[in-house]
Amino acid sequence: MSRFSRAPLLGAAAIVVSITANKPALAQDTGSSAEILPPVVVSQPEPATLPQASKKASSTSSPQPNAAPASASGLPDEVAASGTANVPGLIEGVGASGLAVPLTTSRLTGAQIQSKLPGTADTARLLQSIPGVSVYSAGGVSALPVINGLNDERVKILVNGMSLTAACANHMNPPLSYVDPSQVVVADVVAGVTPVSKGGDSLGGTVIIETGAPLFAEAGGDVITSASISTYYRSNGDGVGVAANASAATETFSVAYTGGWSKADNYDRGDDGPQVRSTRYQSSNNSLTLSARDGRDLYVVQGSYENIPYQGYYNQYMDMVDNEAWSFNVRGLTHYDWGILDVRAFYQHVDHIMDHLEDKPGQMPMYTEGQDFGYTIKAEIPLTSVDVLRAGNEFHRQTLDDWWPPVASSMMMSPDTYKNINDGRRDRLGTFIEWEHQWDRSWSTLLGARNDMVWMDTGNVQAYSPDDCLMMMGMMGCMMANPDAAAARRFNGRDRARTDTNFDLTALVRFEPTALESYEFGYARKTRSPSLYERYAWGEGNMATSMIGWYGDTNGYIGNLDLDPEVAHTVSATAAWHDRTRAQWQFKVTPYYTYVEDYIDADYVGDQMDMMGMPNGFVTLRFANHDARLYGVNFSGSVALWEDRQTGRFDLTGVASYVNGENLDTGDTLYHRMPINAQVTLAHRLGAWSNAIEVVAVARKSEVNALRNEPLTPGYALVNLRSSYEWENVRLDVGVENLFDQLYYPPLGGVDYSDYKALGGAIGPVAGPGRSFTAGLTVRF
């Protein structure tokens, strides 16, 4: 069959996701034109735990349970590798190779993650060394990732295949808060143009977190066991943490436990300054995983429990006073003559409470109950030696109830329960197809299309009081109006059911003229429907609107039933140069441009007032569609400077990013755009001893969002030191974060509401942590 007569085969293969039994192998391409082309790589090399074997055949080898994590491509531990380097024990599924892994993909694994554990308890902050990635500051374990200037729910986040949603009006429990950094086995980030097989209902890119890499005993061998325990300390805020894992496995079955616990008090700002209020937290995550294999096939069942009893938020009116979540997910990865089938299903239940910790006096309980459940079915089919087809279907349902019990001592917050989101539902059904073709030894292409249907609805709501006036003063009339009563009546009187029909397209072209260089050009049309809070947050009073928002600006937000989905058009080009082994030097640059139709920004409604009826410096905004554009460039590179047996190896690595964003309708700068920033690391390794000197430089944030009164922040440079030593089964990590105790203000930190609440005066940006000495000890058994 020539490569010009494959249309019938492409159409027939689209229904493969329903196939669950073996089928005869596809005939090989016998045309002379195809024989001179290299085969398409359709899967990662099989890891040692599941070696290449016939269907239902047994494995013959496995790695040692305590093997040290491999550094990616021979690069130093501090470097995020381009692409997806092999990870011992990690079972790759559909889309693990070829153009399904664009050049804009970065992977963190093993020692790269281990070296960062003493310095943070927040999984999102592990990603800051990846080009194009920054974070919105939030609680101590709940930062919100940003990719190429597109934030939070505009980024697809998958945790062990689960598509999780923040069940909170302030997004205090984002998906990455359900994973302790010590549990992360691999973190992949696809920035910008993303294949349709790696997520819909998003704009900026995809973050994929995997916490399990099951190990199995050798064929006919004894049961293998492994365990480790780690402890960490950070002097600033007296942060402590403990992590543990244990596993046991036979040739065909494996059971593993991982857990992490962390706690910290308020941290001190730099320059020997005072504490930053509302930065204390405590968090724990526990997971039990059962795995079974049958030849190359893998079956996994995992249950997890997460609890955050408290977490302060300096840039929000509220704090988290409890968050409890249970999740359950299953996976079946099976191999057939026609290709690979990867099936996952999941369920999560969250109970969440907000109120005030001691740094913010007062009482205002807010309860949320949320559920996420769904499935994904993906298939990868090698049609010929130069063609691969990926197809899939997925479903995700989110349910949400958000209510605020009355406070008996408050005139404004009584006598009824305020129903913010009542029986909220958001269903998404997605289907995709993706075709990859190798034209010759240098050129390859990927084309993908995706449809996502989104159905949303919610029930009737109610204010604290049905009365339009909360306080009458005789003939003086109403002294305290209740705008939420009228808003609730208007909201309940409208049809709230919404249906969005979304389409995504991705096109990638890769050119590899030699073994030393790669070039990639891409276009993506990506669509995201509004969230439940963006559409259905209905309150209009100062207090009610101030409870809505995940921006850290303490302004008030009103939802909008008439919002349209966002549609982003992104073009990008990536050039990558490297040595043949990618171990001595590499450099990559990616400029990009994104135009967003119906970008969900906000419109000004009015100034918020204090108790005396005077403007308090904050504003009320309503979510609204506007057109926007973003453009920028990401750089990354590394070079081996020196290597000999006496002094070891020295590497210099660097990452730099720039993004610019504008609301094209108003001319205002898009909120929370990271100014130009860079991270440069001098890494050293000598045997079991590793060291790093890291410099993080951020320019002055001079372009700010006027609508939200976003604060300016000065530029700064931080110096961090890290060192580790491994001896047999023991690893010791020590370091210093912010070596010179620099006073600085993270550009995406938001405003310091806690200080404003305690001290009064003008509100300003949040100060970052001052100098902190870190230490970690890991013992493997």
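Residues numbered from 1 in each chain as written. Predicted model: local features only at pLDDT ≥ 70, side-chain atom pairs only at ≥ 80, totals over all residues. Heavy atoms only, no water.

Asks: Before we move on, can you summarise the pattern of salt bridges with the specific residues and values?
Replies: Scanning all chains against the criterion turns up 41 salt bridges. A salt bridge links Asp468 to Arg489, with the shortest nitrogen-to-oxygen separation between them at 2.9 Å. Placement of the pair is Asp468 in the loop between β20 (443-457) and β21 (469-472) and Arg489 in helix α4 (residues 483-492), with a sequence separation of 21 residues. With a relative accessible area of 42%, Asp468 lands in the partly exposed category. The exposure class of Arg489 is partly exposed, given its relative accessible area of 47%. Residues joined in a network through salt bridges with shared partners are Asp201, Glu394, Arg426, Arg428, Arg450 and Asp452. (Salt bridge = Lys/Arg side-chain N within 4 Å of Asp/Glu carboxyl O. Helix = DSSP H or I, 4+ residues; strand = E, 2+ residues; numbered from the N terminus. Buried < 20%, exposed > 50% of the residue type's maximum accessible area, 1.4 Å probe, protein only.)

Asks: Give a detailed account of the sheet that holds strand β3 (residues 133-136), specifying residues and quantitative values.
Replies: An order of β3-β4-β5 is seen for the three strands of this open sheet, with the pairing classed as antiparallel. Among the strands making up the open sheet, the edge pair consists of β3 and β5 (150-151). Sheet topology places strand β4 (residues 144-147) next to β5; two bridges connect them, and they run antiparallel. Across the sheet, residue Ile147 finds its bridge partner in β5, namely Leu150. (Pairing = 2+ DSSP bridges.)

Asks: Talk me through the environment of Ser409; I want residue IDs and the actual numbers.
Replies: Topologically, Ser409 is positioned in the loop between β18 (387-404) and β19 (418-438). Considered as a pair, Ser409 and Gln363 are 46 residues apart in the sequence and their alpha carbons are 9.5 Å apart.

Asks: Describe in detail the nonpolar core, supporting the description with residues and values.
Replies: Among the nonpolar cores identified, the biggest contains 93 residues, and Leu127, Met364 and Trp404 are the most heavily contacted of them. No other element matches the four residues that strand β28 (residues 615-644) contributes to this core. Other than its neighbours up to four places away in sequence, Met364 contacts Met318, Met354, Asp355, His356, Trp404, Val407, Met413, Tyr464, Met543 and Met547. Of all hydrophobic cores here, the second largest spans 10 residues; its members include Leu203, Ala568, Ala628 and Val659. (Core = buried A, V, L, I, M, F, W, Y, C linked by side-chain atoms within 4.5 Å. Contact = heavy atoms within 4.5 Å.)

Asks: Would you mind going over unusual backbone geometry in detail, with residue names and values included?
Replies: Cis geometry marks the peptide bond from Ser414 to Pro415, where omega comes out at 5 degrees. Counting through the fold element by element, Pro415 comes out in the loop between β18 and β19. For Asn738, which is not a glycine, the phi torsion comes out positive at approximately 55 degrees. Among the secondary structure elements, Asn738 is positioned in the loop between β33 (730-737) and α7 (753-759).

Asks: Explain α4 to me, and be specific about the residues and the numbers.
Replies: Where α4 is concerned, the buried positions are Asp484, Ala485, Ala487, Ala488 and Phe491. With its buried residues spanning 165 degrees around the axis, α4 presents them on a single face. (Arc of directions from axis to C-beta.)

Asks: Can you break down the packing of aromatic side chains residue by residue, with the values?
Replies: Scanning all chains against the criterion turns up 25 aromatic pairs. Pairing Trp404 with Tyr418 gives two aromatic rings, centres 4.2 Å apart and planes at 5 degrees, and the pair type is stacked. Taken together, the residues Trp404 in strand β18 and Tyr418 in strand β19 connect sequence positions 14 residues apart. The pair formed by Trp404 and Tyr418 is uniform in burial state, with each residue classed as buried. Here Trp404 and Tyr464 contribute two aromatic rings whose centre-to-centre distance is 6.4 Å and whose plane-to-plane angle is 45 degrees, an arrangement assigned as tilted. With Trp404 in strand β18 and Tyr464 in the loop between β20 and β21, the pair connects residues that are 60 residues apart, well separated along the chain. Looking at Trp404, the relative accessible area reads 0%, which means it is buried. Taking the relative accessible area as the measure of exposure, Tyr464 reaches 3% and is therefore buried. A connected cluster of aromatic rings, assembled from ring pairs, spans Trp443, Phe511, Tyr519, Trp577, Phe587 and Phe635. Against the face of Tyr310 rests Arg280, its NZ or CZ located 4.2 Å from the ring centre. (Phe/Tyr/Trp six-rings, centres within 6.5 Å; stacked < 30°, edge-to-face > 60°. Lys NZ or Arg CZ within 6 Å of the ring centre and 35° of its normal.)

Asks: Residues and numbers for the side chain of Gln398, please.
Replies: Here Gln398 lies in strand β18. Dropping the residues within four chain positions of it, Gln398 is found in contact with Thr165, Ala166, Gln371, Asp372, Gly424, Arg425, Arg426 and Leu532.

Asks: Any details on the pairing of strand β9 (residues 205-210)? Residues and values, ideally.
Replies: Summarising burial for β9: six of the six residues are buried, a large majority. Across five bridges, strand β6 (residues 155-159) lies against β9 in parallel orientation. Residue pairing for β9: Val155 is matched across the bridge by Gly205.

Geometric descriptors of this kind do not, in isolation, establish any biological role.
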